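# Examination of the molecular architecture
Chain by chain, the residues run as shown.
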Amino acid sequence: MVQLGVRAVLKCMLEAFALSDKGCIRSNNEDYCQIDAERGLFVLADGMGGAKAGERASRMAVDTVVETVVSAPLRDSQVLIRATEEANRKVLEAAHSDPSLEGMGTTLVAALELEEGLGIASVGDSRAYLLDGDGLRVITEDQTWVNEVGRPLGLDEESLRNHPMRHVLTMAIGASSPLSINYYSVPLAAGDMVLICSDGLHGVLELPHMEEILRGGREGGSLEESCRQLIDAAKEAGGPDNVTAVLMRKAG
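Structure report, in brief. Note that the coordinates shown come from a computational prediction; the quantities given were computed from them, not determined experimentally. (Residues numbered from 1 in each chain as written. Predicted model: local features only at pLDDT ≥ 70, side-chain atom pairs only at ≥ 80, totals over all residues. Heavy atoms only, no water.)

## Thoughts on the side chain of Thr64
Summarising the element assignment, Thr64 is placed in helix H1 (residues 53–71). If sequence neighbours within four positions are ignored, Thr64 has contacts with Ala83, Glu86, Ala87 and Lys90. (Helix = DSSP H or I, 4+ residues; strand = E, 2+ residues; numbered from the N terminus. Contact = heavy atoms within 4.5 Å.)

## Remarks on the pattern of salt bridges
Under the criterion given, the structure shown has eleven salt bridges. Of the charged contacts in the structure, one is a salt bridge between Arg127 and Asp142, with a shortest N-O distance of 2.7 Å. Residue Arg127 is located in strand E8 (residues 127–132), and its partner Asp142 is located in the loop between strand E9 (135–138) and helix H3 (145–150); the two are separated by 15 residues in the primary sequence. Given the relative accessible area of 11%, Asp142 is considered buried. (Salt bridge = Lys/Arg side-chain N within 4 Å of Asp/Glu carboxyl O. Buried < 20%, exposed > 50% of the residue type's maximum accessible area, 1.4 Å probe, protein only.)

## Focus on the pairing of E8
Most of E8 is tucked away: six of the six residues are buried. Side-chain alternation along E8 places Arg127, Tyr129 and Leu131 on one buried face and Ala128, Leu130 and Asp132 on a second face that is also buried. Here E8 runs beside strand E11 (residues 193–197); their pairing, made up of five bridges, is antiparallel. Note on E11: the bridge partner recorded for Ala128 is Ile196. Of the pairings in the sheet, the one linking E8 to E9 comprises four bridges and is antiparallel in character. Residue pairing for E9: Tyr129 is matched across the bridge by Val138. Connecting E8 to the next strand, E9, in antiparallel fashion are two residues. (Pairing = 2+ DSSP bridges.)

The structure is reproduced here in structure tokens:
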């Protein structure tokens, strides 16, 4: 059952839609996302931890990023970095003050519309993708054992898909301080689309399948329909995890 649906049109520049679902196996949804249409801010987190701790971490991280960006006196490339660091501080502080929250953490991807394009900050393995005239490609780099250790060791993709360390993150909000944050600046042309999603989506759908679905949106189709198709495809593939997709499209 769909958990969240949000539509927004930003400054006549970006249209966006977000959708989240608990998937086919999990009893609760530890993913959380927010769109602030007025400020061009899009944030997604995929929580982890026992009991309700994952839900708490993801919501706290997203809310903190939104609050920090909204209150910032200057809108620039550094505001997302500061907001992500503040989210990490808040999650660490909460876990240290409450034993029931020990070990909680979350991935995070935050995108902010800036004059030069879209600024994106990421921690963990939730991803951002760009679909333009050249096709669909990943913008962010996963902070995972697979990406940072397995591939450099020369392990082939089939081995990595089945490796016992395949789900291990090397960085997450709430895992350590200082925090390693990846930042990207993405220029956008008319019709370009950006997808940010949790691994409940990119972990089960191959890139060509995702691109096929998103092509309809880039050619003027409904972003809501594209989001629903992505969620449905992930669930048809087994839906082993919570799945969240946030789609943005630059107006012509």
